[in-house]
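# Close look at the chain arrangement
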Amino acid sequence: QVQLVESGGGLATPGGSLRLSCAASGTVDGITSMGWARNPPGKQRELVAAITQRGEIDYGDSVRGRFTISRDNAKNTVSLQMNDLRPEDTAIYYCRVVRRGWLSWGQGTPVTVSP
């Protein structure tokens, strides 16, 4: 089993910044991708950003140019720097990892963007 521990969520004002982090532990051998998804109120869960072990990055259209994903393969961590936050970014953010074709999820960390 892969254990995912998320941190960094909280409250921000529009235009502000937050940094999310996720640390994977346990059965980490074979992880091919790490990233984040979010579940805004009343909406389906959507991909925010993902990064492969080779460094390939995929961003959701709504966050491209504002969010930056990074990882440390040796430490099995992934981070999401969120800049220029908007109220539409309010959601529960979930760390996600792919290991040998199986998708695992963290418990989620809330992000609220409000004036």
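Residues numbered from 1 in each chain as written. Predicted model: local features only at pLDDT ≥ 70, side-chain atom pairs only at ≥ 80, totals over all residues. Heavy atoms only, no water.

A few words now on the side chain of Glu6. Here Glu6 is to be found in strand 1 (residues 2-7). Buried charge Glu6 goes without a salt bridge, the closest partner of opposite sign being Arg45 at 8.3 Å. Within the structure, the side chain of Glu6 is placed 3.1 Å from the backbone nitrogen of Gln107, a separation counted as a polar contact. In this structure the side chain of Glu6 is engaged in a polar contact, spanning 2.6 Å, whose partner is the backbone nitrogen of Gly108. With near-sequence residues (within four places) excluded, Glu6 lies in contact with Ser21, Cys22, Trp36, Tyr93, Tyr94, Cys95, Gly106, Gln107, Gly108 and Thr109. (Helix = DSSP H or I, 4+ residues; strand = E, 2+ residues; numbered from the N terminus. Buried < 20%, exposed > 50% of the residue type's maximum accessible area, 1.4 Å probe, protein only. Lys, Arg positive; Asp, Glu negative; His and termini not counted. Salt bridge = Lys/Arg side-chain N within 4 Å of Asp/Glu carboxyl O. Polar contact = N/O pair within 3.5 Å; in protein donor to acceptor, adjacent residues only side chain to side chain. Contact = heavy atoms within 4.5 Å.)

This paragraph deals with the nonpolar core. Trp36, Leu80, Met82 and Tyr93 are the most contacted members of the largest nonpolar core, which has 28 residues in total. Dropping the residues within four chain positions of it, Tyr93 is found in contact with Glu6, Leu20, Trp36, Ala37, Arg38, Val48, Phe67, Leu80, Met82, Gly108, Thr109 and Val111. (Core = buried A, V, L, I, M, F, W, Y, C linked by side-chain atoms within 4.5 Å.)

To continue, consider the packing of aromatic side chains. Applying the stated criterion to the full structure yields one aromatic pair. The aromatic ring of Tyr94 is capped on one face by Arg45, whose charged end is 3.9 Å from the ring centroid. Directly above the ring of Trp105 sits Arg45, whose terminal nitrogen or CZ lies 4.5 Å from the centroid. (Phe/Tyr/Trp six-rings, centres within 6.5 Å; stacked < 30°, edge-to-face > 60°. Lys NZ or Arg CZ within 6 Å of the ring centre and 35° of its normal.)

The next subject is the pattern of salt bridges. A complete count under the given rule lists six salt bridges for this structure. The salt bridge involving Asp29 is made with Arg100; its shortest N-O contact spans 2.9 Å. Linking Asp29 in the loop between strand 3 (18-26) and strand 4 (31-39) with Arg100 in the loop between strand 9 (91-99) and strand 10 (102-105), this pair joins segments that are 71 residues apart in sequence. Exposure remark for Asp29: the relative accessible area of 52% places this residue in the exposed category. With a shortest N-O distance of 2.9 Å, Asp89 and Arg38 are connected by a salt bridge. Of the two residues, Asp89 sits in the loop between strand 8 (77-82) and strand 9 while Arg38 sits in strand 4, which places them 51 residues apart along the sequence. Each member of the pair, Asp89 as well as Arg38, is classed as buried.

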